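Structural overview
Listed below are the residues making up each chain.
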Amino acid sequence: MKHLPIFLDISQQHCVVIGGGQSASRKISLLLKYGAHVCVIAPDLSPSLARLVAENQTSADEHNRATSQLQHIAEHCALETLHIKLQSARLVIAATKDAATNLDIASCAKALNIPCHVADNPEASTFFLPSIVDRDPIQIAISSGGASPILSRLLRDRIEAFVPVSYRVLGKMASEFRTTVKEKLQTARQRKQFWERALHGRVAELVLAGQPARARSELINSLEYTSRNAADPLQTDVHPEGEVALVGAGPGDAELLTLRALRLIQSADVLVYDRLVSQRIMDLRRTDTRIIYAGKARSKHTMVQGSINELLVSLAREGNRVVRLKGGDPFIFGRGGEEIETLASNNIPFQVVPGITAASGCAAFSGIPLTHRDHAQSCVFMTGHLKSQEINLDWSHLRDPSQTIVFYMGLIGLEKICENLIKIGRLGDTPAALVEQGTTPSQRVHVGTLQTLPDLVTQHAVRAPTLLIVGSVVTLHESLAWYRSGTTDENRNVSHFSGSGI
Ligand code: SAH
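Scope of this entry: the structure provided in the associated data block. As the structure is a prediction and not an experimental result, all values here were calculated from the model.

Looking now at the overall build of the protein. Helix and strand counts for the protein stand at 18 helices and 19 strands. When the 502 residues of the protein are sorted by exposure, 48% land in the buried category. Here the contacts in the protein between residues at least 6 apart in sequence split such that 65% fall between residues at least 24 apart.

Listed below in structure tokens is the structure:
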């Protein structure tokens with residue numbers, strides 16, 4: 001690693017590119033975008049480069065000549081006079097078709113102490129043009145030092161997807177308020193804390209949610225609050241920026257998180273999480289994020305719901321950005337509604353981020369579509385959590401054979417559930433699948449019928465969480481299962497009895 005990434009101002013600077021092909025064309029476009037005055041030396045130009053020269057001349061005439069400029073010298077690169085052409089250049093790019101000529105250009109630039117990039121020759125280059133994620137004024141530059149430009153580009157694409165375009169607005173807002181913040185907050189520490197809060201917290205969230213005007217007033221209020229607080233540390237205003245995000249963490253696989261969930265997890269001060277949130281997802285947090293376990297194993301409630309609701313309120317009142325992380329989707333058997341009712345009645349700002357619910361995750365990863373034109377026209381999500389082993393709901397609406405039924409929390413009551421479905425008129429040979437630890441490397445799919453599944457499951461050391469899917473769609477698993485879990489039968493010490501592919 002010998003190249004220091006720096007950001008160079010090349011606006012109105014003389015840059016020389018030698019070569020007229022595709023590679024030169026791409027690099028010239030980049031230089032022009034950053035306002036350089038480019039001189040391209042080549043006897044012939046590729047069509048795209050010729051177009052660029054023509055366009056640039058037009059736009060240079062119509063607009064401000066000083067912003068960018070492209071001049072073409074239609075001649076071969078003559079080494080004897082090259083040093084004269086390079087003399088006042090800020091940067092040189094050697095992109096001719098001839099590797100030896102490129103090396104001569106590099107030596108000439110080196111002798112003149114001018115940074116030079118040589119196409120397809122990292123060793124001879126003294127600088128590289130990075131792949132860029134442009135969120136002006138924020139620029140993210142990625143380079144592999146010539147080792148693999150394709151890998152840099154792939155990474156760039158991933159970062160593009162991950163960093164919303166509205167970071168531009170956030171960057172501009174930060175730049176606009178820089179001086180005011182400096183005037184209002186005396187110490188560097190105060191300013192650092194203020195900016196960290198604003199750019200991680202509610203101000204950023206509002207910008208990213210497309211509400212720049214509200215973000216602005218939030219920033220102004222927050223600055224007022226912070227400067228008052230700095231002047232009088234004893235004042236006891238409620239911090240304006242505490243908030244809670246109720247976030248669905250999906251069924252287990254960390255890659256099934258939404259981009260927003262990931263962003264909020266990484267900007268949280270405190271994460272309050274459940275038993276179903278996988279370790280791999282927890283590992284995505286910042287190291288300084290405080291974590292509080294509020295998990296609920298069946299009948300072993302670590303924290304009663306009322307205390308969780310109160311905890312969220314008090315953490316937000318202390319000014320924390322709280323992420324309440326729940327398995328799956330917070331509004332599906334997640335008691336998310338109750339938690340935000342308490343927040344709403346206490347005037348705590350909150351948002352809800354949906355997650356992939358276990359039914360969607362398990363269905364996809366076991367190759368069991370929940371609806372299918374030939375099998376099921378509707379699907380219902382049920383809780384299988386039985387109070388005192390009895391089904392205390394009217395199940396007559398579950399009789400329709402063209403309806404898929406998904407039971408959450410159905411492992412303990414599996415036998416009763418199957419028995420009751422048969423009692424209300426579902427056939428005993430109705431296909432049924434129990435998806436164990438769906439979407440994770442330990443996923444297994446146990447397939448049987450309403451009659452056989454309970455026995456099959458008792459023969460195997462099935463581990464929660466599990467999801468029960470009932471209906472003729474289950475037959476599709478045989479042909480559609482695609483996911484290969486990472487756990488072998490040997491290391492689980494039990495045998496597989498699922499269909500193909502798992
Ligand atoms: N809010 C969650 C559900 C919470 S109830 C969601 O939307 O998914 C907890 C139940 O969800 C578990 O008992 C189990 O039935 C189901 N579940 C959650 N994650 C699962 C997984 N990875 N595999 C199978 N079932 C899962």
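What follows deals with the packing of helix α6 (residues 167-184) against helix α7 (residues 188-200). Where α6 meets α7, the closest approach of the two axes is 12 Å, and the angle between their N-to-C directions is 155 degrees. Our classification of the angle between α6 and α7 gives roughly antiparallel. Between α6 and α7 the crossing geometry is right-handed. Where α6 abuts α7, its residues L170, A174, F177, R178, V181 and K182 lie against R191, F194, W195 and L199. When its residues are assigned to classes, the contact of α6 with α7 shows 7 nonpolar, no polar and 3 charged.

Next up on the list: the sheet that holds strand β16 (residues 403-408). Pairing is mixed across the open sheet formed by 5 strands, whose spatial order is β15-β16-β19-β17-β18. Because the sheet does not close on itself, it has two edges, and the strands there are β15 (378-383) and β18 (444-449). Each strand axis lies, on average, 20 degrees off the axis of its neighbour in the sheet, ignoring direction. Bridge analysis of strand β17 (residues 431-436) against β18 gives 6 bridges, and the strand direction is antiparallel. Residue pairing across strands places A432 opposite G448, the latter belonging to β18.

Another aspect to go through is the pattern of salt bridges. Scanning all chains against the criterion turns up 20 salt bridges. One salt bridge in this structure joins D134 and R168, with 3.9 Å as the shortest N-O distance. Separated by 34 residues along the polypeptide, D134 in strand β6 (residues 131-135) and R168 in helix α6 bring together distant segments of the chain. According to the relative accessible area criterion, R168 is partly exposed, its value standing at 28%. With a shortest N-O distance of 3.1 Å, R324 and D274 are connected by a salt bridge. Here R324 is found in strand β13 (residues 321-326), whereas its partner D274 is found in the loop between β9 (270-273) and α11 (279-282), with 50 residues between them in sequence. D274 carries the same exposure label as R324, and that label is buried. Linked through salt bridges whose partners overlap, the residues forming this network are D274, R324, K326 and E339.

Checked against the element boundaries, S131 lands in strand β6. A relative accessible area of 10% means that S131 is categorised as buried. Other than its neighbours up to four places away in sequence, S131 contacts I140, A141, I142, S152, R153 and R156.

A few words on the site of the ligand. The ligand sits among 18 residues. The nearest are D329, I332, T357, M409 and T466. G327 has a polar backbone atom sitting 3.0 Å from a nitrogen atom of the ligand. Taking T357, its side chain carries an N or O atom lying 2.6 Å from an oxygen atom of the ligand. Here the ligand, which alone exposes 550 Å², has 93% of that area covered by the protein. Taken together, the residues that form the shell around the ligand break down as 11 nonpolar, 6 polar and 1 charged. Both domains that furnish three or more residues to the shell around the ligand are identified here as domain 3 (243-356) and domain 4 (359-491).

Among the nonpolar cores identified, the biggest contains 20 residues, and L398, F407, L421 and L468 are the most heavily contacted of them. For this core, the elements supplying multiple residues, two or more each, are β15, β16, α15 (414-423), β17, α16 (453-458) and β19 (466-470). By residue number, the principal contributor to this core is α15, which donates 4 residues.

With that settled, consider the sheet that holds strand β2 (residues 37-41). The parallel open sheet is built from 5 strands, whose spatial order is β3-β2-β1-β4-β5. On the outer flanks of this sheet lie β3 (69-73) and β5 (116-118), each paired with one strand and no other. When the angles between neighbouring strand axes are averaged without regard to direction, this sheet yields 15 degrees. Across 3 bridges, the pairing between strand β4 (residues 91-94) and β5 is parallel. Looking at β5, one finds that V92 is bridged to C116.

Time to look at the environment of F331. Within the secondary structure, F331 sits in the loop between β13 and α13 (336-345). The exposure class assigned to F331 is partly exposed, which follows from its relative accessible area of 49%. On a C-alpha basis, the gap between F331 and V353 in space is 9.6 Å, while along the polypeptide they are 22 residues apart. Once residues within four sequence positions are removed from consideration, F331 is found in contact with L246, G336, G337, I340 and V352.

Moving on: the packing of aromatic side chains. Applying the stated criterion across every chain yields a total of 8 aromatic pairs. With 5.2 Å between their ring centres and 65 degrees between their planes, F194 and W195 make a pair best called edge-to-face. By the burial criterion, F194 is buried, and W195 matches it. Residues F365 and W482 carry aromatic rings whose centres are separated by 5.0 Å and whose planes lie at 55 degrees to one another, so their mutual orientation is tilted. Of this pair, F365 sits in helix α14 (residues 358-366) while W482 sits in the loop between α17 (477-480) and α18 (489-492), and the two are 117 residues apart along the sequence. Site record: aromatic cluster; members linked through ring pairs are F333, F381 and Y408.

One can find V38 in strand β2. The class of V38 is buried, set by a relative accessible area of 2%. Separated by 51 residues in the primary sequence, V38 and A89 place their C-alpha atoms 9.4 Å from one another. Aside from chain neighbours lying at most four places away, what touches V38 is C15, V17, I28, L31, L32, Q69, L70 and Q71.

Reading the values: the criteria
- Residues numbered from 1 in each chain as written.
- Predicted model: local features only at pLDDT ≥ 70, side-chain atom pairs only at ≥ 80, totals over all residues.
- Heavy atoms only, no water.
- Helix = DSSP H or I, 4+ residues; strand = E, 2+ residues; numbered from the N terminus.
- Buried < 20%, exposed > 50% of the residue type's maximum accessible area, 1.4 Å probe, protein only.
- Contact = heavy atoms within 4.5 Å.
- Axes fitted to C-alpha atoms, helices over the stretch in contact; angles between N-to-C directions.
- Parallel < 35°, antiparallel > 145°, perpendicular 65-115°, else oblique.
- Left-handed = near helix turned anticlockwise from the far one by under 90°.
- Nonpolar A, V, L, I, M, F, W, Y, C, P; charged D, E, K, R; others polar.
- Pairing = 2+ DSSP bridges.
- Salt bridge = Lys/Arg side-chain N within 4 Å of Asp/Glu carboxyl O.
- Near = heavy atom within 4 Å.
- Polar contact = N/O pair within 3.5 Å; in protein donor to acceptor, adjacent residues only side chain to side chain.
- Areas by Shrake-Rupley, 256 points an atom, 1.4 Å probe, with all protein chains shown as cover.
- Domains from an automatic or database assignment.
- Core = buried A, V, L, I, M, F, W, Y, C linked by side-chain atoms within 4.5 Å.
- Phe/Tyr/Trp six-rings, centres within 6.5 Å; stacked < 30°, edge-to-face > 60°.

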